[in-house]
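Geometric and topological summary
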Amino acid sequence: MKDSVISILEGTLQAKGTQEKIKVKELRKLVFLSLQKDEDDKVSKKEYKKAIQALEKESKLALDADGLISLCGKASKKDKKKKSKKRKRKENDDDDEEEKNTAKKP
């Protein structure tokens, strides 16, 4: 259940754009929908609660007093890919500039 919580949280936060937090109940509804579990099932609710607490202990998400959840620490995979692409472009641009400068010198 932890994996689905993280993936749904990442997806909803990216879809909402600037908003960095989501309500616990809203996330629970989304997780239960994706796992096809009943929202009234007490066992499922306990599993969800344990998963949230475990993720909070692992510092993968933060839960504040108002019942809002936000991702912590690690950037999502898409963000990492974007950063690595930017680095590669910058390195290639730097290499191109060095080649131009050496070609101009007599």
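Please refer to the structure higher up on the page.
All figures in this text were calculated on a predicted structure; none of them were measured in a lab.

Rules behind the numbers
Residues numbered from 1 in each chain as written. Predicted model: local features only at pLDDT ≥ 70, side-chain atom pairs only at ≥ 80, totals over all residues. Heavy atoms only, no water. Helix = DSSP H or I, 4+ residues; strand = E, 2+ residues; numbered from the N terminus. Buried < 20%, exposed > 50% of the residue type's maximum accessible area, 1.4 Å probe, protein only. Areas by Shrake-Rupley, 256 points an atom, 1.4 Å probe, with all protein chains shown as cover. Patch = residues over 30% accessible without salt bridge, like charges linked within 9 Å, V, L, I, M, F, W, Y side chains within 5 Å. Salt bridge = Lys/Arg side-chain N within 4 Å of Asp/Glu carboxyl O. Lys, Arg positive; Asp, Glu negative; His and termini not counted. Charge placed at Lys NZ, Arg CZ, Asp CG, Glu CD. Pairing = 2+ DSSP bridges. Contact = heavy atoms within 4.5 Å. Axes fitted to C-alpha atoms, helices over the stretch in contact; angles between N-to-C directions.

**A look at the overall build of the protein chain**
Of regular secondary structure, the protein chain possesses 4 helices and 3 strands. Its helices and strands in sequence order give the protein chain the pattern α-β-α-α-β-β-α, from N to C terminus. By the burial criterion, 19% of the 106 residues in the protein chain qualify as buried. In the structure as shown, the protein chain presents an accessible area of about 8600 Å², 49% of it carried by carbon and sulfur atoms.

**Let's talk about a positive patch on the surface**
On the surface, Lys-25, Lys-29, Lys-42, Lys-45, Lys-46, Lys-49 and Lys-50 cluster together into a positively charged patch. If you list the elements that add at least two residues to the positive patch, you get helix H2 (24-35) and helix H3 (42-57). For the positive patch, the element with the most residues is H3, which contributes 5 residues. Here Lys-50 shows up in helix H3.

**Side note on the sheet that holds strand S1 (residues 22-23)**
Pairing is antiparallel across the open sheet formed by 3 strands, whose spatial order is S1-S3-S2. Unpaired on one side and paired on the other, S1 and strand S2 (61-63) mark the two borders of the sheet. Relative to the sheet, helix H1 (residues 2-16) contacts S1, S2 and strand S3 (68-71), its axis offset from that of S3 by approximately 90°.

**Remarks on the pairing of S3**
Two elements, S1 and S3, share 2 bridges in a ladder whose sense is antiparallel. Directly across from Ile-22, in S3, lies its bridge partner Ile-69. Sheet topology places S2 next to S3; 3 bridges connect them, and they run antiparallel. Bridging from a neighbouring strand, Leu-63 pairs with Ile-69 of S3. Between the antiparallel neighbours S2 and S3 lie 4 residues, among them Gly-67 with a positive phi of about 80°.

**Focus: the pattern of salt bridges**
Scanning the model with the defined rule gives 4 salt bridges in all. For the salt bridge of Glu-58 with Lys-2, the shortest nitrogen-to-oxygen distance reads 2.9 Å. Taken together, the residues span a long stretch of sequence, with Glu-58 in the loop between H3 and S2 and Lys-2 in helix H1 at a distance of 56 residues. The partly exposed category is assigned to Glu-58, whose relative accessible area is 39%. Take Lys-2: its relative accessible area is 33%, and that puts it in the partly exposed class. The residue Glu-58 makes a salt bridge to Lys-60 at a minimum N-O spacing of 3.7 Å. Accessibility expressed as a relative area gives 38% for Lys-60, which makes it partly exposed.

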